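Structural features, examined
Here are the chains, one letter per residue:
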2 protein chains.
Amino acid sequence: MSAKKLKTLVLSASDIEEIVRSVGIDEIMDELIEKMTIAFKTYNKDKTKIPVRSGFNYEQPQKGLIEWMPLFDKEKNQVIVKMVGYHPDNPNDFQLPTIVSTISCYDTKTGHLKGLTDGVFLTALRTGAASAMATKVMSHPESSTLGLIGCGAQSITQLHAISRVFKLKKVLYYDNDIETRESFSSRVAMLNLDIELVFTNIKEIVKDSDIITTATSINIGEGPLFDQIESKSWLHINAVGSDFPGKTELPLSFLKNSFVCPDFLAQAVVEGECQQLDASDIGPEFFEYIQNKEKYSEAVRQSSVFDSTGLPLEDQVVMEMFLAYAEKMKLGQEIGIEQVPMDAKSPYDFMYMQDAIVIKQTVPLEDLNKKVL
Amino acid sequence: MSAKKLKTLVLSASDIEEIVRSVGIDEIMDELIEKMTIAFKTYNKDKTKIPVRSGFNYEQPQKGLIEWMPLFDKEKNQVIVKMVGYHPDNPNDFQLPTIVSTISCYDTKTGHLKGLTDGVFLTALRTGAASAMATKVMSHPESSTLGLIGCGAQSITQLHAISRVFKLKKVLYYDNDIETRESFSSRVAMLNLDIELVFTNIKEIVKDSDIITTATSINIGEGPLFDQIESKSWLHINAVGSDFPGKTELPLSFLKNSFVCPDFLAQAVVEGECQQLDASDIGPEFFEYIQNKEKYSEAVRQSSVFDSTGLPLEDQVVMEMFLAYAEKMKLGQEIGIEQVPMDAKSPYDFMYMQDAIVIKQTVPLEDLNKKVL
């Protein structure tokens, strides 16, 4: 009896980095934005099941939470689960990213863990790509000024992704942490963007921007980041930071006067900006919007909000893309993690196999004796 | 700025097998039963949070389900998540175990994935150990005949574990699959048990056994495995197979007349034998029973049922035990899966690092030139 060994492709962070270096960060981002746009354009809730995420949150030993974000794709016969740790004190306390995460992919034919990858860089990348995708279809086509409120890790990929779909001339940025705002320009230098970077206050950002991304670690109950401020009539905001009950970034007045499009309605009403809204104030989910754009053509002429709490569909797209590159570039390690006995009903089989190896040894007995001696 | 790299200890199935071969299967099982007994004796729901498992179930491409079983231990600052695939056609269709599974352990200080191990062998082992633990305290102390209904992978570790806590003289076994019952005696041979193995029918098993374990893949709605049959007044049954709404193994009449003790009440009423019962028919959860044994001393004198749907506490115990052995024996691979930039707020840092490596190269320029040429 022979058993097909189950192997899990484990991509290390170094593998991920090697893929990005080899392909190029602009090329990776462009491809991801395109693939994500297609995924939303073809997303069908009957074929891809996505329950609202669940998890544990706590105040000790650090303020934080660990969540699982599952997806079941019936056509691809796979389940994707992203595990996400969110610990806002990570950067200061441990020099670690706020979001520490991995993504797993399971085969629904057998239950096998097919692949395991980083979810830190991949989350930053896909959250940027999702904002770019939404901004592209919801913003004024001649937008050229981007505002960034919150300049942590997510802001870098937000700027990068949005710069790939708009000819940005100016970036207005703000962070309440001095070190974070002071390091911002050096952290984006490697993007080689021909864009003017201006540190300013939130009021100026809201007033002068065509597009804004908010990606802060504002505390629960301490929102919004700003009160009613005059802004351009077509202002589009990617609200990335609100991801927990009670954590919101935008003022109700702005939301009420805008076309609000959540990536994932059921989740957004629990932990996104949509927490603040009644059902009648909320627009279609993003996939519905992009699949029926003509129906909502007024959105580009008014202020709009992409309420981005994170849809596992995005994790599936980015993971598949990196797994495909890994295969092409022969990166990653295949590890047999799940035990597969020779006889599936005999979990202690391997205790025999040891004997079998001895019995079937091909070293002549005299050589073996020498070795033993 | 320097970043502490996050490393995940990945144990392969071979590592797990090496640990078992090195320690010995009896020694491993004895240690696990002891550690699990302590874990249940000290289990405190305020300190260890265990939500009911959730997942996806489907009929295509195979009948099966993929579930996640999470646990949060506030004192150890860790989250454990077991991912379990249950695909009853795996052995026949793919020569794979019915249960394909992995277990992950996360640090709640940072969200980091600390360890990843097999969950196939570990589930079989811990389910056996849990039955042994329950049987030890709930069965007649002079029990000597064990009945096994269902002779797949789980039955092997059930027999093994229970043989470690009772002087068994006879095993009565039944499986409705001919190949499975015919291979049973050879599959348990390596346990070197001095026990008579008797293939018989379910009726004889129920009539003559002191202890029974049911571990079948009976279909939803097709239970029970037997109807009212006369049995020894002290018969103890470990009901291991029922793990899905509508899937039950035991007749209501037997349950009604027995002391029923679920490992995890909230889960057992949804997918265990307790589905069939009203709250008033259900005894304490096992941890409560073992923490207050004198209060329930009548249990050993009447028939009893351990309704075992699987408590993640058991997964924590078995995973910790194997991780500790792996550390001692220097087994497993440490892989940096999660991306940790040098600057936690600079996800593209690694694009610079490439430059940094070139700049900091120590090979003399002339040698480098030679290499390039």
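Everything in this summary refers to the structure shown in the same document.

What counts and how
- Residues numbered from 1 in each chain as written.
- Chains lettered and ligands numbered in written order.
- Predicted model: local features only at pLDDT ≥ 70, side-chain atom pairs only at ≥ 80, totals over all residues.
- Helix = DSSP H or I, 4+ residues; strand = E, 2+ residues; numbered from the N terminus.
- Buried ≥ 20, exposed ≤ 12 C-beta atoms within 10 Å, placed from the backbone.
- Contact = placed C-beta atoms within 7 Å.
- Pairing = 2+ DSSP bridges.
- Axes fitted to C-alpha atoms, helices over the stretch in contact; angles between N-to-C directions.
- Parallel < 35°, antiparallel > 145°, perpendicular 65-115°, else oblique.
- Left-handed = near helix turned anticlockwise from the far one by under 90°.
- Nonpolar A, V, L, I, M, F, W, Y, C, P; charged D, E, K, R; others polar.

**Things to note about the overall build of chain A**
Along the backbone of chain A there are 13 helices and 15 strands. Its C-alpha atoms put chain A at 90 × 45 × 40 Å along the principal axes. Burial statistics for chain A: of 373 residues in total, 54% are counted as buried. Once local pairs closer than 6 in sequence are excluded, the contacts in chain A between residues at least 24 apart make up 72%.

**Considerations on the sheet that holds strand E10 (residues 196-199) of chain A**
Working definition: the strands of a sheet are paired by backbone hydrogen bonds and lie parallel or antiparallel to each other. Residue and element names in this part refer to chain A. Spatially, seven strands are ordered E10-E9-E8-E11-E12-E14-E13 in an open sheet, and the strand pairing comes out parallel. Two strands close off the open sheet at either side, each with one partner strand: E10 and strand E13 (259-262). Between one strand axis and the next, the sheet turns by 15° as a mean value, whatever way the strands run. Pairing geometry for strand E11 (residues 211-214) and strand E12 (residues 236-239), over four bridges, is parallel. Bridge pairing in E12 links threonine 214 to alanine 239. Running over the sheet, helix H5 (residues 153-163) touches strand E8 (145-149), strand E9 (170-174), E11 and E12 and is turned about 165° from E8.

**Observations regarding the packing of helix H2 (residues 25-42) of chain B against helix H11 (residues 312-328) of chain B**
Residues and elements named next belong to chain B. H11 packs onto H2 with a crossing angle of 135° between their chain directions and a minimal axis gap of 10 Å. Accordingly, the angle class assigned to the pair H2 and H11 is oblique. You can see that H2 and H11 cross each other, and the crossing is right-handed. Listed contacts from H11 to Glu31, Leu32, Lys35, Met36 and Ala39 of H2 are Leu313, Glu314, Val317, Val318 and Met321. In terms of residue class, the contact of H2 with H11 is made up of seven nonpolar, no polar and three charged.

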